[in-house]
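# Structural features, examined
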Amino acid sequence: DAGVIQSPRHEVTEMGQEVTLRCKPISGHNSLFWYRQTMMRGLELLIYFNNNVPIDDSGMPEDRFSAKMPNASFSTLKIQPSEPRDSAVYFCASSFRRGGNTGELFFGEGSRLTVL
Amino acid sequence: DQQVKQNSPSLSVQEGRISILNCDYTNSMFDYFLWYKKYPAEGPTFLISISSIKDKNEDGRFTVFLNKSAKHLSLHIVPSQPGDSAVYFCAAGKGGGSNYKLTFGKGTLLTVNP
(Lines give C-alpha, C1' and ligand atoms only; values in the text may rest on other atoms or scores of the structure.)
Protein backbone atom coordinates (compact mmCIF):
# COMPACT_ATOMS: atom_id res chain seq x y z
CA ASP A 1 0.00 0.00 0.00
CA ALA A 2 1.22 3.49 -0.81
CA GLY A 3 1.96 5.65 2.18
CA VAL A 4 1.63 9.40 2.49
CA ILE A 5 3.25 10.98 -0.56
CA GLN A 6 4.82 14.42 -0.38
CA SER A 7 6.36 16.58 -3.07
CA PRO A 8 8.81 18.05 -3.64
CA ARG A 9 11.30 16.20 -1.42
CA HIS A 10 13.66 19.16 -1.57
CA GLU A 11 13.04 22.78 -2.46
CA VAL A 12 15.57 25.58 -2.58
CA THR A 13 14.20 29.02 -3.28
CA GLU A 14 15.00 32.66 -2.77
CA MET A 15 13.45 34.92 -0.22
CA GLY A 16 10.21 36.42 -1.44
CA GLN A 17 9.29 33.56 -3.74
CA GLU A 18 6.12 31.52 -3.39
CA VAL A 19 6.50 27.93 -2.22
CA THR A 20 3.87 25.23 -2.60
CA LEU A 21 4.21 21.88 -0.87
CA ARG A 22 1.93 19.00 -1.81
CA CYS A 23 0.59 15.99 -0.02
CA LYS A 24 -1.40 12.92 -0.98
CA PRO A 25 -2.73 11.14 2.13
CA ILE A 26 -3.30 7.43 2.48
CA SER A 27 -6.47 6.38 0.71
CA GLY A 28 -9.36 6.02 3.15
CA HIS A 29 -7.86 8.28 5.78
CA ASN A 30 -10.08 11.17 6.82
CA SER A 31 -7.67 13.40 8.74
CA LEU A 32 -4.63 15.23 7.42
CA PHE A 33 -1.96 17.11 9.35
CA TRP A 34 0.84 19.47 8.40
CA TYR A 35 3.84 19.57 10.75
CA ARG A 36 7.07 21.53 10.60
CA GLN A 37 10.33 20.25 12.07
CA THR A 38 13.15 22.56 13.16
CA MET A 39 16.06 22.05 15.52
CA MET A 40 14.79 24.73 17.85
CA ARG A 41 11.13 23.76 18.07
CA GLY A 42 11.01 20.11 17.10
CA LEU A 43 7.80 18.93 15.43
CA GLU A 44 5.17 21.65 15.43
CA LEU A 45 1.59 21.14 14.28
CA LEU A 46 0.69 23.83 11.76
CA ILE A 47 -2.83 22.85 10.74
CA TYR A 48 -5.04 19.83 10.49
CA PHE A 49 -8.10 18.85 8.49
CA ASN A 50 -10.86 16.40 9.20
CA ASN A 51 -12.98 15.30 6.23
CA ASN A 52 -11.30 18.06 4.17
CA VAL A 53 -12.39 20.78 6.62
CA PRO A 54 -9.74 22.76 8.54
CA ILE A 55 -10.25 22.05 12.24
CA ASP A 56 -7.36 23.87 13.88
CA ASP A 57 -4.96 26.29 12.18
CA SER A 58 -3.67 27.89 15.37
CA GLY A 59 -0.18 26.62 14.62
CA MET A 60 0.13 28.46 11.33
CA PRO A 61 2.92 30.98 11.99
CA GLU A 62 1.43 33.93 10.16
CA ASP A 63 -0.64 35.04 7.22
CA ARG A 64 2.11 34.14 4.80
CA PHE A 65 1.15 30.51 5.39
CA SER A 66 -2.01 28.97 3.97
CA ALA A 67 -3.24 25.41 3.51
CA LYS A 68 -6.00 23.87 1.47
CA MET A 69 -7.56 20.47 1.07
CA PRO A 70 -9.81 20.58 -1.99
CA ASN A 71 -10.57 16.86 -1.84
CA ALA A 72 -9.85 13.76 0.24
CA SER A 73 -6.74 12.86 -1.73
CA PHE A 74 -4.83 16.13 -1.96
CA SER A 75 -3.62 18.99 0.20
CA THR A 76 -1.27 21.92 -0.28
CA LEU A 77 0.70 24.12 2.07
CA LYS A 78 1.66 27.45 0.56
CA ILE A 79 4.11 30.06 1.80
CA GLN A 80 3.94 33.45 0.13
CA PRO A 81 6.27 35.28 0.36
CA SER A 82 8.86 32.88 1.76
CA GLU A 83 11.54 33.99 4.24
CA PRO A 84 14.82 32.37 5.37
CA ARG A 85 13.30 31.54 8.79
CA ASP A 86 10.79 29.29 7.02
CA SER A 87 13.61 26.88 6.22
CA ALA A 88 12.63 23.55 7.78
CA VAL A 89 11.36 20.09 6.98
CA TYR A 90 7.63 20.06 6.44
CA PHE A 91 5.79 16.80 7.11
CA CYS A 92 2.34 15.77 6.06
CA ALA A 93 0.60 13.02 8.02
CA SER A 94 -2.76 11.30 7.74
CA SER A 95 -4.92 9.07 9.90
CA PHE A 96 -8.33 7.48 10.07
CA ARG A 97 -10.28 9.18 12.83
CA ARG A 98 -13.41 8.08 14.56
CA GLY A 99 -14.67 8.17 18.12
CA GLY A 100 -12.14 6.59 20.46
CA ASN A 101 -9.43 6.56 17.81
CA THR A 102 -5.95 6.20 19.23
CA GLY A 103 -4.38 9.09 17.33
CA GLU A 104 -1.79 7.13 15.36
CA LEU A 105 -0.50 9.22 12.47
CA PHE A 106 1.22 8.01 9.32
CA PHE A 107 3.84 10.45 8.08
CA GLY A 108 5.23 11.18 4.65
CA GLU A 109 8.96 11.46 4.08
CA GLY A 110 8.88 15.24 4.34
CA SER A 111 9.71 18.22 2.15
CA ARG A 112 12.97 19.93 3.04
CA LEU A 113 12.67 23.64 2.32
CA THR A 114 15.62 26.00 2.13
CA VAL A 115 14.95 29.68 1.66
CA LEU A 116 18.05 31.68 0.76
CA ASP B 1 4.81 26.91 25.88
CA GLN B 2 6.17 23.40 25.45
CA GLN B 3 3.48 21.01 26.66
CA VAL B 4 5.54 17.92 25.86
CA LYS B 5 9.19 18.02 26.89
CA GLN B 6 12.07 15.74 26.10
CA ASN B 7 14.89 17.22 28.12
CA SER B 8 17.66 15.01 26.81
CA PRO B 9 18.59 15.93 23.24
CA SER B 10 20.77 12.85 22.92
CA LEU B 11 21.55 9.51 24.54
CA SER B 12 24.31 7.01 23.83
CA VAL B 13 24.22 3.37 24.98
CA GLN B 14 26.09 0.16 24.29
CA GLU B 15 24.56 -2.60 22.24
CA GLY B 16 22.75 -5.09 24.47
CA ARG B 17 22.16 -2.60 27.28
CA ILE B 18 18.93 -0.86 28.19
CA SER B 19 17.99 2.48 26.62
CA ILE B 20 15.68 4.70 28.64
CA LEU B 21 14.15 7.73 26.95
CA ASN B 22 12.19 10.17 29.06
CA CYS B 23 9.32 12.55 28.41
CA ASP B 24 7.44 15.01 30.62
CA TYR B 25 4.15 16.73 29.92
CA THR B 26 2.31 19.60 31.51
CA ASN B 27 -1.29 19.23 30.36
CA SER B 28 -3.33 16.83 32.50
CA MET B 29 -5.95 16.63 29.74
CA PHE B 30 -3.73 14.45 27.58
CA ASP B 31 -5.32 11.03 27.41
CA TYR B 32 -3.06 9.15 25.04
CA PHE B 33 0.70 8.98 24.61
CA LEU B 34 2.78 7.68 21.75
CA TRP B 35 6.40 7.20 20.78
CA TYR B 36 7.58 7.69 17.23
CA LYS B 37 10.94 6.77 15.75
CA LYS B 38 12.58 8.77 12.97
CA TYR B 39 15.52 7.82 10.77
CA PRO B 40 17.37 10.50 8.75
CA ALA B 41 15.58 11.60 5.57
CA GLU B 42 12.46 9.66 6.53
CA GLY B 43 9.20 10.58 8.22
CA PRO B 44 8.48 9.55 11.81
CA THR B 45 6.97 6.08 12.22
CA PHE B 46 4.76 4.90 15.04
CA LEU B 47 6.47 2.71 17.63
CA ILE B 48 4.27 2.18 20.68
CA SER B 49 1.48 3.90 22.59
CA ILE B 50 -0.24 3.92 25.95
CA SER B 51 -3.62 5.10 27.16
CA SER B 52 -3.85 7.29 30.24
CA ILE B 53 -5.82 4.56 32.02
CA LYS B 54 -2.78 2.27 31.96
CA ASP B 55 0.67 2.54 33.46
CA LYS B 56 2.56 0.11 31.24
CA ASN B 57 2.45 -1.23 27.72
CA GLU B 58 4.91 -3.72 26.28
CA ASP B 59 5.65 -4.71 22.71
CA GLY B 60 8.64 -6.97 22.24
CA ARG B 61 11.80 -5.10 23.20
CA PHE B 62 9.88 -1.86 23.75
CA THR B 63 8.02 -0.92 26.92
CA VAL B 64 6.39 2.39 27.72
CA PHE B 65 5.73 3.39 31.32
CA LEU B 66 3.32 6.15 32.34
CA ASN B 67 3.36 7.92 35.70
CA LYS B 68 0.35 10.21 35.63
CA SER B 69 0.94 11.76 39.04
CA ALA B 70 4.38 12.88 37.91
CA LYS B 71 3.20 13.64 34.36
CA HIS B 72 6.06 11.53 33.10
CA LEU B 73 6.48 8.72 30.65
CA SER B 74 9.46 6.72 29.55
CA LEU B 75 10.38 4.32 26.78
CA HIS B 76 12.59 1.36 27.60
CA ILE B 77 14.38 -0.57 24.89
CA VAL B 78 15.87 -3.88 26.00
CA PRO B 79 18.20 -5.05 24.63
CA SER B 80 19.30 -2.08 22.54
CA GLN B 81 20.49 -2.78 19.00
CA PRO B 82 22.47 -0.60 16.57
CA GLY B 83 19.39 -0.46 14.32
CA ASP B 84 17.56 1.35 17.11
CA SER B 85 19.77 4.39 16.51
CA ALA B 86 17.32 7.12 15.53
CA VAL B 87 15.50 10.18 16.86
CA TYR B 88 12.67 9.27 19.20
CA PHE B 89 9.72 11.61 19.57
CA CYS B 90 7.29 11.52 22.44
CA ALA B 91 3.75 12.64 21.56
CA ALA B 92 0.62 13.29 23.58
CA GLY B 93 -2.97 13.48 22.40
CA LYS B 94 -6.14 15.10 23.66
CA GLY B 95 -9.53 16.00 22.40
CA GLY B 96 -12.26 13.78 21.11
CA GLY B 97 -13.56 12.74 17.75
CA SER B 98 -12.60 15.05 14.93
CA ASN B 99 -10.84 17.46 17.27
CA TYR B 100 -8.14 14.99 18.26
CA LYS B 101 -4.55 16.13 17.71
CA LEU B 102 -1.04 15.18 18.79
CA THR B 103 1.58 17.41 20.37
CA PHE B 104 5.19 16.29 19.94
CA GLY B 105 8.33 16.82 21.96
CA LYS B 106 11.58 17.98 20.36
CA GLY B 107 12.99 14.47 20.17
CA THR B 108 15.94 12.55 21.60
CA LEU B 109 18.71 11.21 19.39
CA LEU B 110 19.55 7.67 20.49
CA THR B 111 22.87 6.20 19.40
CA VAL B 112 23.46 2.51 20.07
CA ASN B 113 27.14 1.66 19.79
CA PRO B 114 28.18 -1.83 18.63
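The structure this text deals with has already been given above.
Residues numbered from 1 in each chain as written. Chains lettered and ligands numbered in written order. Predicted model: local features only at pLDDT ≥ 70, side-chain atom pairs only at ≥ 80, totals over all residues. Heavy atoms only, no water.

Tallied over the entire structure, the rule returns 13 aromatic pairs over all chains. Relative to Phe104(B), the ring of Phe89(B) has its centre 6.4 Å away and its plane inclined at 85°; by these criteria the two rings are edge-to-face. Of this pair, Phe89(B) sits in strand β9 (residues 86-94) while Phe104(B) is found in strand β10 (residues 101-104), placing the two residues 15 residues apart along the sequence. Owing to a relative accessible area of 0%, Phe89(B) belongs among the buried residues under this scheme. With a relative accessible area of 3%, Phe104(B) lands in the buried category. One aromatic cluster is present, built from ring pairs that chain together Phe33(A), Tyr35(A), Tyr48(A), Phe91(A), Phe107(A), Tyr36(B), Phe46(B), Phe89(B) and Phe104(B). (Phe/Tyr/Trp six-rings, centres within 6.5 Å; stacked < 30°, edge-to-face > 60°. Helix = DSSP H or I, 4+ residues; strand = E, 2+ residues; numbered from the N terminus. Buried < 20%, exposed > 50% of the residue type's maximum accessible area, 1.4 Å probe, protein only.)

On to the sheet that holds strand β6 (residues 56-59) of chain B, then. Sheet strands associate in pairs through backbone hydrogen bonding, adopting either a parallel or an antiparallel arrangement. All names here are of chain B. Within the open sheet, the 5 strands sit side by side as β1-β3-β8-β7-β6. Their pairing is antiparallel. The sheet terminates laterally at β1 (4-5) and β6, the two strands that pair on one side only. Examined bridge by bridge, strand β3 (residues 19-25) and strand β8 (residues 72-77) share 6 bridges and lie antiparallel to one another. Within the sheet, the bridge partner assigned to Asn22 lies in β8 and is Ser74. (Pairing = 2+ DSSP bridges.)

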